[in-house]
Amino acid sequence: MEQARAHERSGAIAEAFTCYRTAAEAAGRNGEHAIEAEVLRRQAVLHHRRNERDTAAELAARSHVIAQQIGDRVLAGEALNVLAGFAFEQGEMDEARVRFQDALALGGTDPGLLGRIEQNLGILQRIFELRREVAGLHGLPSFAHYVLRRKMAGNPERVRTFYEELLPSLAGTVASEVDRLDALLTADGEDGPITAWDW
């Protein structure tokens, strides 16, 4: 794992990937689950940097599960901190806050992790404050109102009204489409009415 970290620090990412993969496989085979959890977390971060979000999230989640299984609260907190960071970067602020808080509850005894989580929670808090301030400056009750106003809908109430008005107007179209599909089904020699999974 140290060789992988050295490659990562020097910018030799392909070599770091190879070393991390080898280290994770060896740690898993040898029952060194703490090392496996750490390596998976580090792999997750590298995949995230390459914009491979699904792989990154899967690896970080596996790291968290392994750390939980072996009872290593700090490693579990580290994995949640990484997942929280992913959510934060994708703009999923509420999910990020929950994950940061869960990471804090698990691994808050580790000074390094504690410092990183508290810093991230502070940044999130400031973002929420700024969002409230922006909404207030525009005379709006929430940041959601502000975002929607800048888009086509204007506000959450208009979205709901639009949706409620749209559904009844589509009922006739849906019925005629079902009839058309039913006729095609019959023409193909199939019996039975159209069901939801036929769409």
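Residues numbered from 1 in each chain as written. Predicted model: local features only at pLDDT ≥ 70, side-chain atom pairs only at ≥ 80, totals over all residues. Heavy atoms only, no water.

J.: Explain the side chain of E36 to me, please; I cannot follow it from the model alone.
T.: Its place among the elements puts E36 in helix α3 (residues 33-49). Looking at E36, its side chain comes within polar contact range of the side chain of H33, at 3.1 Å. If we skip the residues at most four places from it in the chain, E36 touches A24, A27, G28 and I66. (Helix = DSSP H or I, 4+ residues; strand = E, 2+ residues; numbered from the N terminus. Polar contact = N/O pair within 3.5 Å; in protein donor to acceptor, adjacent residues only side chain to side chain. Contact = heavy atoms within 4.5 Å.)

J.: How do you make sense of the environment of V82 when you look at a structure like this?
T.: Looking at the secondary structure, you find V82 in helix α5 (residues 73-89). In this structure V82 comes out as buried when scored by relative accessible area, which is 12%. Distance from V82 to F143, taken between C-alpha atoms, is 26 Å for residues 61 residues apart in sequence. Apart from residues no more than four positions distant in its own chain, V82 is found in contact with R41, V45 and A60. (Buried < 20%, exposed > 50% of the residue type's maximum accessible area, 1.4 Å probe, protein only.)

J.: Would you take a moment to explain the pattern of salt bridges for this structure?
T.: Side chains that differ in charge, positive against negative, can pair when their charged atoms come close. Throughout the structure, instances matching the rule amount to seven salt bridges. Ionic pairing is found between E78 and R116, a salt bridge with its closest N-O pair at 2.6 Å. Highlighted residues: E78 in helix α5 and R116 in helix α7 (residues 111-137), separated in sequence by 38 residues. Measuring nitrogen to oxygen at the nearest pair gives 3.3 Å for the salt bridge that ties R97 to D94. Within this pair, R97 and its partner D94 are both found in helix α6 (residues 93-107), separated by three residues, close to a single helical turn. (Salt bridge = Lys/Arg side-chain N within 4 Å of Asp/Glu carboxyl O.)

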